[in-house]
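Below are the chains, spelled out letter by letter.
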Amino acid sequence: MSEKILSGKVALVTGGSRGIGAATARRLATLGADVVITYVAQAERAKAVVEELRSQGVRAEGIQADQADRAQVTAMVDAVAQQFGRIDILVNSAGVFRPGEITDAVRDEQLAINLTGVADTTYRVVRHMSEGGRIVNLSSGLASKTFAAGMSDYAATKAAVTAYTRGWAQDFAARGINVNVIECGVIDTDMAMSKDSEGGRFMLQAVIPMHRYAEADEVAGVVAFLAGPDAAYITGSTLRVDGGALA
């Protein structure tokens, strides 16, 4: 997709300073969209991404906002709408993965960011969306199958995001807003387990038929498709980018 098929659109990508979020922001800008990314602590990385986006000839901004803080989410969405006039595309990419010992604190953090924060962001963004709006949620294959111990809370948050997607597709259809979810496998980002670890070797050898991790840009390409005109009749769908792990 080399045409500027998203020219004139405004996209908000949460968690856009790194990983899948940054790759998605770059892809949407390449297609002509103005892009706002959010970040929490990675100010320098966010600044670098914004400068890269602007080099594509689009408007771009980075806004610091903790998705676990409803007041910050509200202020962030209001700022985007005020500065850009509307929001056409929302990519819910921000999230945390805390595998290992299950504690109240770890569960609360993942619920606040991966689930409640996604809902808070979405409900505020749709107030500024018109017909043709697109929401793409980033979920995980763990929503369908948990491959190891210590991932229950994360898996539950992602399963809920997938369920929210189906519900929101119904809720927002009358307004012409499409909502879809991508359930990702292991993506080669700083959130992924090392390929040389016991878990990484297990995933590569026994779980992923393609025997490799996905690149973040491979997910970004699917996001761009769902945000573009060719996906106008797709809503409430789950697309898997997992190298066949759940085939």
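Residues numbered from 1 in each chain as written. Predicted model: local features only at pLDDT ≥ 70, side-chain atom pairs only at ≥ 80, totals over all residues. Heavy atoms only, no water.

A closer look at the overall build of the chain
At step 1: The helix and strand inventory of the chain stands at seven helices and seven strands.
At step 2: Taken over C-alpha atoms, the radius of gyration comes to 17 Å for the chain, in line with the 18 Å a tight globule of 247 residues would show.
At step 3: In terms of overall dimensions, the chain has C-alpha extents of about 50 × 40 × 40 Å along its principal axes.
At step 4: Residues classed as buried in the chain amount to 49% of the 247 residues present.
At step 5: For the chain, contacts bridging at least 24 residues in sequence account for 74% of all contacts bridging at least 6.
At step 6: For the chain, the accessible surface area stands at approximately 11100 Å², while carbon and sulfur atoms represent 49% of it.
At step 7: In the chain, the 24 positive side-chain charges and the 28 negative ones have mean positions that sit 3 Å from each other. (Helix = DSSP H or I, 4+ residues; strand = E, 2+ residues; numbered from the N terminus. Rg over C-alpha atoms; globule rule 2.2 N^0.38 Å. Buried < 20%, exposed > 50% of the residue type's maximum accessible area, 1.4 Å probe, protein only. Contact = heavy atoms within 4.5 Å. Areas by Shrake-Rupley, 256 points an atom, 1.4 Å probe, with all protein chains shown as cover. Lys, Arg positive; Asp, Glu negative; His and termini not counted. Charge placed at Lys NZ, Arg CZ, Asp CG, Glu CD.)

Describing the pattern of salt bridges
Opposite charge on two side chains lets them pair, provided their charged atoms get close.
At step 1: Counted under the stated rule, the structure contains ten salt bridges.
At step 2: Salt-bridge contacts for arginine 26 lead to glutamate 52; the nearest nitrogen and oxygen are separated by 2.9 Å. Taken together, the residues arginine 26 in helix 1 (residues 19-30) and glutamate 52 in helix 2 (residues 43-54) connect sequence positions 26 residues apart.
At step 3: A relative accessible area of 31% means that arginine 26 is categorised as partly exposed.
At step 4: Exposure remark for glutamate 52: the relative accessible area of 36% places this residue in the partly exposed category.
At step 5: In this structure, arginine 70 and aspartate 120 form a salt bridge, with 3.0 Å as the shortest nitrogen-oxygen distance. (Salt bridge = Lys/Arg side-chain N within 4 Å of Asp/Glu carboxyl O.)

Structural notes on the nonpolar core
At step 1: If you look at the biggest cluster of nonpolar residues, it comprises 38 residues, and the most contacted ones within it are Leu28, Val35, Ile37, Leu53, Leu138, Ile182 and Val219.
At step 2: Of all the secondary structure elements, the ones that give two or more residues to this core are strand 1 (10-13), helix 1, strand 2 (34-39), helix 2, strand 4 (89-92), strand 5 (134-140), strand 6 (178-184) and helix 7 (216-227).
At step 3: Top element by residues in this core is helix 7. It accounts for eight residues.
At step 4: Residues in contact with leucine 53, not counting those within four places in the same chain, are Ala25, Arg26, Ala29, Val35, Ile37, Val58 and Ala60.
At step 5: Judged by nonpolar contacts, the second largest core, of 22 residues, contains Leu12, Val36, Met76 and Trp168. (Core = buried A, V, L, I, M, F, W, Y, C linked by side-chain atoms within 4.5 Å.)

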